[in-house]
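Observations on the three-dimensional arrangement
Residue strings, one per chain:
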Amino acid sequence: CKPKLLIADEPTTALDVTVQKEIILLLKDLQKKFEMSIIFISHDLSLVSEIANRVLVMYQGEIVEQGLSEDIFKNPQHSYTKAVINSKPSLDVRLKQLPTIDDYMNNNILDTVVTSQERSKTHKSLYSQPPILEVKNVSKEYLSKHGVFGKLSVFKAVDDVSFKVYEGETLGLVGESGCGKSTLGNAILQLHKVSSGSILYKGIDITKLSKKELRILRKDIQIIFQDPYASLNPRI
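Given the structure is predicted, the values throughout are model-derived calculations rather than measurements.

Looking at the overall build of the protein chain
When helices and strands are tallied, the protein chain shows nine helices and eight strands. The globule rule puts the C-alpha radius of gyration for 236 residues at 18 Å, and the 24 Å found for the protein chain is more than 25% above it. Viewed in the frame of its principal axes, the protein chain has a C-alpha envelope of about 60 × 60 × 35 Å. Within the protein chain, buried positions represent 25% of all 236 residues. Partitioning the intrachain contacts of the protein chain with sequence separation of at least 6 by distance along the chain shows that 43% fall at a separation of at least 24. Carbon together with sulfur atoms contributes 54% to the accessible area of the protein chain, which is approximately 17,600 Å² in total. Distance between charge centres in the protein chain, computed from 31 positive and 28 negative side chains, equals 9 Å.

What about the sheet that holds strand β6 (residues 152-165)?
Reading across the sheet, the four strands line up as β6-β5-β7-β8 and stay open at both edges, with antiparallel pairing between neighbours. Two strands bound the open sheet, and with one partner strand each, they are β6 and β8 (204-205). The pairing of strand β5 (residues 133-145) with β6 spans ten bridges and is antiparallel. Pairing of Glu141 across the sheet is with Lys156, part of β6. Packed onto the sheet, helix α7 (residues 181-188) meets β5, β6 and β7 (196-201) and runs at close to 70° relative to β6.

Cut-offs used in this document
Residues numbered from 1 in each chain as written. Predicted model: local features only at pLDDT ≥ 70, side-chain atom pairs only at ≥ 80, totals over all residues. Heavy atoms only, no water. Helix = DSSP H or I, 4+ residues; strand = E, 2+ residues; numbered from the N terminus. Rg over C-alpha atoms; globule rule 2.2 N^0.38 Å. Buried < 20%, exposed > 50% of the residue type's maximum accessible area, 1.4 Å probe, protein only. Contact = heavy atoms within 4.5 Å. Areas by Shrake-Rupley, 256 points an atom, 1.4 Å probe, with all protein chains shown as cover. Lys, Arg positive; Asp, Glu negative; His and termini not counted. Charge placed at Lys NZ, Arg CZ, Asp CG, Glu CD. Pairing = 2+ DSSP bridges. Axes fitted to C-alpha atoms, helices over the stretch in contact; angles between N-to-C directions.

Function cannot be inferred from these measures alone, as they are strictly geometric.
The following block contains the structure:
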């Protein structure tokens, strides 16, 4: 509609950085084309620092600080703004407990650093035991058909993936949207049957379990969906 003012409310939430960049570039192009103003609402500090000319910081329904983007991020004045910026985890230092905004506001910061010796000891304890989950050469294929009379084509959502997870470990699985992360998660839970490969939980190949055995397994492996309101029946 070629607006003079566009209010973009979290337009890039839950998007990976590649798609996020496309959205931002699109907004920038439209802004230049239609000479429009943008109110960009977001909790993504990095994104705001890149896209915004001016920043207004809100806290408990009020604007507590405002100014040029560079000034807000390099020299914040209000305690809440300082807390929001400082509570972002560092990539260089691993803390035993991540500080929250409330911790900064109440001067209750526990900045105990996990040393490399402590991490090494933890890793030794984790990886001296057998893996709780072992994914071996797992692939998942879907058949798709273009049109009523179109030929069937094979889409490989997961292609020969292998990894191990040890008890007490947190494993990060990262990648762009559509790369197969959720499909792999659903396959581990046996919501999707794998096309090939095996998934061992405590040494047992769960791809070969009966429905009754799978029902018992449900207590041991559970999932938190990306969007539970879209994934689950809202009436339950």
